[in-house]
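One-letter residues, chain by chain:
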Amino acid sequence: MKALIDLILQFGVLNKQQTDFILSKAKTLDIKKDEYFSEAGKVPKHVGFVLEGVFRFCYYNNKGDEVTNYFVDEGNFVVDNEKFESQIVASEYIQAVTDCKILAFSKKEWDDISNTIVGFEMIKSNVVKKCLTLAMERRSPLVSEDASTRYLSFIQNFPSLVNRIPLSFVASYLGITQQSLSRIRRNIR
């Protein structure tokens, strides 16, 4: 919970009463590996702050192949923000890659915080901007790079995720087959 408050306080000044109010609106959820936090075709119900674990954003392309777009881990918000705020149907899945623990806020609770704490809309906007920037940095790399370079970049940019994510998800994120990834990993060692 301290990590959530520390993140929020990077973008504004809040007193103890206000931070306690924010925490009072959160509920802790455990999401098991492979369960969905949000599903394509459904309206997102919660915004979550990741306390433990890794999530992935994914979708199915027009060939029916599963494509991993990016990963979110501890200390970050997990939400399809545009769809959550507008309360419209999501086009991506948000799936737990590991067992996860989050602080979750429903739309009503999230709005209650904004309506009660003066200036929270601006704080929320800046937090979302930071998380979206992080998500864009974590978005799957350009296919114009060769597969080995993409994998080496993944290792360099996300060292804490390398051993926590199944190879099939890493391969999907890199836009290559799992067999190609295995070959690349063998050649790098």
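Below: a short report on this structure. The structure displayed is predicted, hence computed values, not measured ones.

Thresholds applied
- Along each chain, numbering runs from 1 in the same order as the chain's sequence is written.
- Per-residue local features are limited, in this predicted model, to residues with pLDDT of at least 70; the limit for side-chain atom pairs, both in listing and counting, is 80 or more; totals at the level of whole chains, interfaces and linings are taken over all residues.
- The side-chain quantities take in all heavy atoms of the structure and omit both hydrogens and water.
- In this description a helix means any DSSP run of H or I spanning at least four residues, a strand means any run of E spanning at least two, and both kinds are numbered starting from the N terminus.
- Here the radius of gyration uses the C-alpha set of atoms, whereas the globule reference equals 2.2 Å times the residue count to the power 0.38.
- When accessible area is computed with a 1.4 Å probe and restricted to protein chains, residues below 20% of their type maximum are described as buried, those above 50% as exposed, and intermediate ones as partly exposed.
- Computed with a 1.4 Å probe, the accessible areas rest on the Shrake-Rupley method; for each residue, only the protein chains presented here act as cover.
- What makes two strands pair is DSSP finding at least two bridges between them.
- As a rule, the C-alpha atoms of each element are fitted with a line to give its axis, helices using only the stretch in contact, and angles between N-to-C directions run from 0 to 180 degrees.
- Between two residues, a contact is recorded if the distance between any of their heavy atoms is within 4.5 Å.
- Think of it this way: a Phe, Tyr or Trp ring, Trp meaning its six-membered ring, pairs with another when their centres are within 6.5 Å, and the plane angle makes it stacked under 30 degrees, edge-to-face over 60, tilted otherwise.
- Charge-over-ring placement is defined geometrically: NZ (Lys) or CZ (Arg) within 6 Å of the ring centre, and within 35 degrees of the ring normal.
- Put simply, a salt bridge is a Lys or Arg side-chain nitrogen that is within 4 Å of an Asp or Glu carboxyl oxygen.

Focus on the overall build of the protein chain
Inference 1: A tally of helices and strands in the protein chain yields eight helices and eight strands.
Inference 2: At 18 Å, the protein chain has a C-alpha radius of gyration in line with the 16 Å of a compact globule built from 189 residues.
Inference 3: Considered along the principal axes of its C-alpha atoms, the protein chain spans approximately 55 × 30 × 30 Å.
Inference 4: Evaluated residue by residue, the protein chain yields a buried proportion of 46% over its 189 residues.
Inference 5: Put simply, the protein chain shows about 10000 Å² of open surface, and 51% of that area lies on carbon and sulfur atoms.

Quick look at the pairing of strand β8 (residues 100–106)
Inference 1: Among the seven residues in β8, six count as buried, and that is most of the element.
Inference 2: Across five bridges, the pairing between strand β1 (residues 27–31) and β8 is antiparallel. Opposite leucine 29, over in β8, you have isoleucine 102 as the bridge partner.
Inference 3: Judged from the six bridges that link them, strand β3 (residues 46–52) and β8 form a sheet pairing that is antiparallel.

A word on the sheet that holds β1
Inference 1: Reading across the sheet, the four strands line up as β1-β8-β3-β6 and stay open at both edges, with antiparallel pairing between neighbours. The open sheet terminates on both sides in strands that have one partner only, identified here as β1 and β6 (77–78).

Topic: the sheet that holds strand β4 (residues 55–60)
Backbone hydrogen bonds hold the strands of a sheet together, and the pairing may be parallel or antiparallel.
Inference 1: Ordered in space as β2-β7-β4-β5, the four strands form an open sheet in which the pairing is antiparallel. In this open sheet, the two edge strands, each paired with only one partner strand, are β2 (36–38) and β5 (66–72). The sheet shows a mean angle of 35 degrees between the axes of neighbouring strands, taken without regard to direction.
Inference 2: Across the sheet, helix α7 (residues 167–174) lies against β4, β5 and β7 (93–96), angled at about 100 degrees from β5, the strand it touches most.

Some thoughts on the packing of aromatic side chains
Each aromatic ring pair is specified by the distance between its two centres and by the angle formed by the two planes.
Inference 1: If you walk through the whole model with that rule in mind, you get 13 aromatic pairs.
Inference 2: Residue placement shows arginine 56 over the ring face of phenylalanine 169; its charged tip is 3.8 Å from the ring centre.
Inference 3: One Lys or Arg, lysine 107, reaches over the ring of phenylalanine 84 and ends 5.7 Å from the middle of that ring.

Description of the pattern of salt bridges
Oppositely charged side chains can form a pair if their charged atoms are brought close together.
Inference 1: One pass over the full model with this rule turns up 11 salt bridges.
Inference 2: Across the salt bridge formed by lysine 2 and aspartate 6, the nearest N and O atoms sit 2.7 Å from each other. A residue pair is termed a helical-turn pair when its members lie 3 or 4 positions apart in one helix, as lysine 2 and aspartate 6 do in helix α1 (residues 2–9) at four residues.
Inference 3: According to the relative accessible area criterion, lysine 2 is exposed, its value standing at 61%.
Inference 4: Residue classification places aspartate 6 among the partly exposed positions, given a relative accessible area of 36%.
Inference 5: Residues participating in the shared-partner salt-bridge network are Glu85, Lys107, Asp111, Glu121 and Lys124.

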